[in-house]
Amino acid sequence: MTLPQIDLIVENVIDAARRMSTLFGIEPDEVGERFAQLTVGGMIVMLSPDALVPMSAASGVILHVEIEPDVDPRHRAAEAGMTVLHGPVETDWGTSSTLVAGPHGVVIDLFRPLQKAASAGF
């Protein structure tokens, strides 16, 4: 099983695409008023103001994006006009994680794996 794409329901597609492309340091694949697409690593992120099926407003979405070791997530968030909500913080599962208030209610976790310590014989 794979998870090759995610759809995010946003109020302003063009603004969300601009901010996310700046945050991730990439160019969007496609941008229009009702649809945008970005490829982040191997994940396709699609942005639209509504869904193909009737549903209530989306909420509680966290998009986890692995960043390169030389990227400063706080600087990248500021550059994109976004607010850092938490971090960077070392997680129990071995990452350095910075949570950013993304466009239109989406939370973005900019993370990188921590250097692994020498094994304790396990």
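Higher on the page you've got the structure.
All told, the structure shown has four salt bridges when counted by the stated rule. Here Glu-79 ties to Arg-76 by a salt bridge, and the two come within 3.9 Å at their closest N and O atoms. Of this pair, Glu-79 and Arg-76 both sit in helix H2 (residues 73-79), three residues apart, which is roughly one turn of that helix. Using a relative accessible area of 17% as the deciding quantity, one classes Arg-76 as buried.

Turning next to the side chain of Ser-21. As for its placement among the helices and strands, Ser-21 is situated in helix H1 (residues 13-24). When residues no more than four places from it in sequence are discounted, the contact partners of Ser-21 are Ile-26, Pro-28 and Leu-38.

The biggest cluster of nonpolar side chains holds 24 residues, and the ones touching the most others in it are Met-20, Phe-24, Leu-47 and Ile-108. Sorting the residues of this core by element identifies H1, strand S3 (36-40), strand S4 (43-48), strand S5 (62-66) and strand S8 (107-113) as the ones contributing at least two each. For Leu-47, the contacting residues outside a window of four places in its chain are Leu-8, Val-10, Val-13, Ala-16, Ala-17, Met-20, Arg-34, Phe-35, Ala-36 and Leu-38.

Before going further, it helps to examine the sheet that holds strand S2 (residues 30-31). Sheet architecture is open: four strands sit in the order S1-S4-S3-S2, paired in mixed fashion. Taken across any chain shown, the strands that pair with only one partner, and hence form the sheet edges, are strand S1 (5-9) and S2. The sheet contact formed by S1 and S4 spans five bridges and is parallel. When the bridges of S4 are listed, Gln-5 appears paired with Ile-44.

The next thing to look at is the side chain of Ser-96. Of note, Ser-96 is situated in strand S7 (residues 95-101). With relative accessibility at 15%, the residue Ser-96 sits in the buried group. With sequence-adjacent residues up to four places away left out, Ser-96 is seen in contact with Pro-88, Val-89, Glu-90, Leu-110, Phe-111, Arg-112 and Leu-114.

Conventions we followed
- Residues numbered from 1 in each chain as written.
- Predicted model: local features only at pLDDT ≥ 70, side-chain atom pairs only at ≥ 80, totals over all residues.
- Heavy atoms only, no water.
- Salt bridge = Lys/Arg side-chain N within 4 Å of Asp/Glu carboxyl O.
- Helix = DSSP H or I, 4+ residues; strand = E, 2+ residues; numbered from the N terminus.
- Buried < 20%, exposed > 50% of the residue type's maximum accessible area, 1.4 Å probe, protein only.
- Contact = heavy atoms within 4.5 Å.
- Core = buried A, V, L, I, M, F, W, Y, C linked by side-chain atoms within 4.5 Å.
- Pairing = 2+ DSSP bridges.

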